[in-house]
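So you can see what is in the structure, the chains are spelled out below.
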Amino acid sequence: MKRFVALLAMTTALSASAQDKPFAIAIHGGSGTITRATLTPEREAAYRAVLTEALEAGRKVLAANGTSLDAVVAAVKIMEDSPLFNAGKGAVFTHEGTNEMDASIMDGIGRRAGAVAGVTVIRNPIEAARAVMDKSRHVMMAGKGAELFAKDQGLAIVDPKYFWTQERWDQLQKAKERDRIQLDHDAPRKTAALEEDEKFGTVGAVALDRAGNLAAATSTGGLTNKRFGRVGDSPIVGAGTWAENESVAVSATGTGEMFIRGVAAYDIAARVKYKGATPQQAADDALATVKSLGGRGGVIVLDRSGNAVFSFTTEGMYRGVAKGETKPEVLIYR
Ligand code: ASP
């Protein structure tokens, strides 16, 4: 009896202290040429609504003493299910007119990680990445093998048609047309025009739970008009995603090739860990490296005190943060 009372007192004390611990979630829905001029008020409202919903979903998990891993999955799933973002439903098309998705997740405890690449029938690729981390002895699985594994794990499998959206289809036709023009005319002018139209709709989340653990998740359809089989930074641990309790949690969006070559997400964590850089300085510097390689995009970074920072080299980035019980904040423009 005495033991029971002591245990009860301990649990109550523990949960009381857990209640005081900070928790936070930050998300992004991609970066690119996003300006007030390119976004109608209706579309802006639609983006804000889904971003807020994703933040609330993640926050709910954290407020109920859930894990940061569960929180990032909850937030990313909402954006994957929305056709507005280039992940899950609404994923961009490959040159061949297919949708090939990549996703990854990382646990701040012990650098556990899971990823899938080039999947075409998994409704929520982020859940498959999580399953690879939790239920397999691997870190990354690709294509058919990843899909079979996801099916075995009981995840939702859909017809590839599920991912088809008119808007992404039109984007592919436009991109192909630009490529055709490029063949006929001068390349430099064309490259500038392409850049202007570039949008990265990848989604990602970073979270800190009340137990003090960080997590990060990223999900994408990749780049419009990519060659089939191409894999970007989003499923690459250290490039598009990183989380370790000793430093920070990071999720990136942008020209994947340069984020891979810049080892961008890990670069940010390493700058914080080894150089003592602030997360903002680390993020800005890592993106400067990506820029020097010819890439552009943005990152969200969360530290163990629950401070979120954003950095991007594009005109805008869909992003948001919810810290503790305070009202979630959603931002789009610079
Ligand atoms: N980083 C993604 C990729 O290269 C694209 C994006 O962020 O939208 O696959």
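What you see is a predicted model; the values in this text were computed from it and never measured.

Undergrad: Explain the overall build of the protein chain to me, using residue names and the numbers behind them.
TA: Across its full length, the protein chain holds ten helices and 13 strands. Of all 334 residues assigned to the protein chain, the portion counted as buried reaches 54%. A sequence separation of at least 24 residues applies to 70% of the contacts in the protein chain between residues at least 6 apart. Roughly 14,700 Å² of accessible area belongs to the protein chain as shown, and the carbon and sulfur atoms make up 58% of that amount.

Undergrad: Describe in detail the pairing of strand 11 (residues 308-312), supporting the description with residues and values.
TA: Judged by how many residues are buried, strand 11 sits mostly within the fold: four of five residues are covered. In this structure, strand 10 (residues 297-303) lies alongside strand 11, joined through five bridges in antiparallel fashion. Note that in strand 11 the partner of L302 across the bridge is A308. Hairpin connection between strand 10 and strand 11: a loop of four residues separates the two successive antiparallel strands, and G306 in this loop has a positive phi of roughly 90°.

Undergrad: Which residues make up unusual backbone geometry, and what values do they have?
TA: Here the phi dihedral of R111 falls at roughly 50°; this positive angle occurs in a residue that is not glycine. Along the chain, the position of R111 falls in the loop between strand 2 (101-107) and strand 3 (112-119). Here the phi dihedral of N225 falls at roughly 70°; this positive angle occurs in a residue that is not glycine.

Undergrad: Quick one: what's the story with the sheet that holds strand 8 (residues 241-243), residue by residue and with numbers?
TA: Strand order in the open sheet made by the four strands is 8-9-10-11, with antiparallel pairing throughout. One side of each edge strand has no neighbouring strand; the edge strands of this open sheet are strand 8 and strand 11. Ignoring which end each strand starts from, the neighbouring axes of this sheet average 10° apart. As defined by bridge partners, strand 9 (residues 248-254) adjoins strand 10 across seven bridges and the pair is classed as antiparallel. Residue T253 lies in a different strand from strand 10, and its bridge partner there is G298. Each of strand 8, strand 9 and strand 10 is contacted by helix 9 (residues 264-275), which is oriented at about 145° to strand 9, the strand it contacts most.

Undergrad: Can you tell me about the side chain of S31, naming the residues and giving the values?
TA: Looking at where S31 falls in the secondary structure, it is placed in strand 1 (residues 24-32). With near-sequence residues (within four places) excluded, S31 lies in contact with K199, F200, T253, G297, G298, T314, G316 and M317.

Undergrad: Tell me what's going on with the site of the ligand, and back it up with residues and numbers.
TA: Of all residues adjacent to the ligand, which total 14 residues, the nearest are T202, R230, D233, T253 and G254. A distance of 2.6 Å separates an oxygen atom of the ligand from a polar atom in the side chain of T253. One of the backbone N or O atoms of G256 is found 2.9 Å from an oxygen atom in the ligand. For the ligand, the accessible surface in isolation is 260 Å², of which the surrounding protein chains cover 100%. Considered class by class, the residues forming the shell around the ligand number two nonpolar, ten polar and two charged.

Undergrad: So, the confidence of the model for the protein chain: which residues are in play, and what are the values?
TA: Across the protein chain, pLDDT averages 92, with 90% of residues at or above 70. Confidence, read as mean pLDDT per element, is least for helix 7 (residues 187-196) in the protein chain (51) and greatest for strand 2 (99).

Undergrad: Quick rundown of the packing of helix 3 (residues 68-81) against helix 4 (residues 125-135)? Include the residues and the values.
TA: At a minimum axis distance of 8 Å, the contact between helix 3 and helix 4 shows a crossing angle of 150°. Compared by their axis directions, helix 3 and helix 4 come out roughly antiparallel. In contact with L69, D70, V73, V76, K77 and E80 of helix 3, helix 4 contributes P125, I126, E127, R130 and M133. For the contact of helix 3 with helix 4, the class distribution of residues is six nonpolar, no polar and five charged.

Undergrad: If you had to explain the pattern of salt bridges to someone new, which residues and values would you point to?
TA: Summed over the entire model, instances satisfying the criterion amount to 16 salt bridges. One salt bridge in this structure joins R48 and E44, with 3.0 Å as the shortest N-O distance. Of this pair, R48 and E44 both sit in helix 2 (residues 41-63), separated by four residues, roughly a single helical turn. A salt bridge links E56 to R59; the shortest N-O distance between them is 3.2 Å. Within this pair, E56 and its partner R59 are both found in helix 2, separated by three residues, close to a single helical turn. Given the relative accessible area of 10%, R59 is considered buried.

Undergrad: Summarise the environment of G154; cite the residues concerned and give the values.
TA: Topologically, G154 is positioned in the loop between helix 5 (143-152) and helix 6 (166-184). For G154, a relative accessible area of 61% gives the class exposed. In sequence terms G154 and A128 are 26 residues apart; their C-alpha atoms lie 9.9 Å from each other.

Undergrad: Break down the nonpolar core for me, with residues and values.
TA: Counting residues in hydrophobic clusters, the biggest one holds 53 residues, and the most contacted among them are I25, I27, M79, F85, I105, I126 and Y318. Looking at which element gives the most residues to this core, the answer is helix 3, with eight residues. Excluding anything up to four places from it in sequence, M79 contacts I27, H28, V50, L51, A54, F85, A87, V203 and G204. The next biggest cluster of nonpolar side chains, apart from the first, holds 36 residues, and it includes A113, L214, V290 and F310.

Criteria and thresholds
Residues numbered from 1 in each chain as written. Predicted model: local features only at pLDDT ≥ 70, side-chain atom pairs only at ≥ 80, totals over all residues. Heavy atoms only, no water. Helix = DSSP H or I, 4+ residues; strand = E, 2+ residues; numbered from the N terminus. Buried < 20%, exposed > 50% of the residue type's maximum accessible area, 1.4 Å probe, protein only. Contact = heavy atoms within 4.5 Å. Areas by Shrake-Rupley, 256 points an atom, 1.4 Å probe, with all protein chains shown as cover. Pairing = 2+ DSSP bridges. Axes fitted to C-alpha atoms, helices over the stretch in contact; angles between N-to-C directions. Near = heavy atom within 4 Å. Polar contact = N/O pair within 3.5 Å; in protein donor to acceptor, adjacent residues only side chain to side chain. Nonpolar A, V, L, I, M, F, W, Y, C, P; charged D, E, K, R; others polar. pLDDT = per-residue confidence, 0-100. Parallel < 35°, antiparallel > 145°, perpendicular 65-115°, else oblique. Salt bridge = Lys/Arg side-chain N within 4 Å of Asp/Glu carboxyl O. Core = buried A, V, L, I, M, F, W, Y, C linked by side-chain atoms within 4.5 Å.

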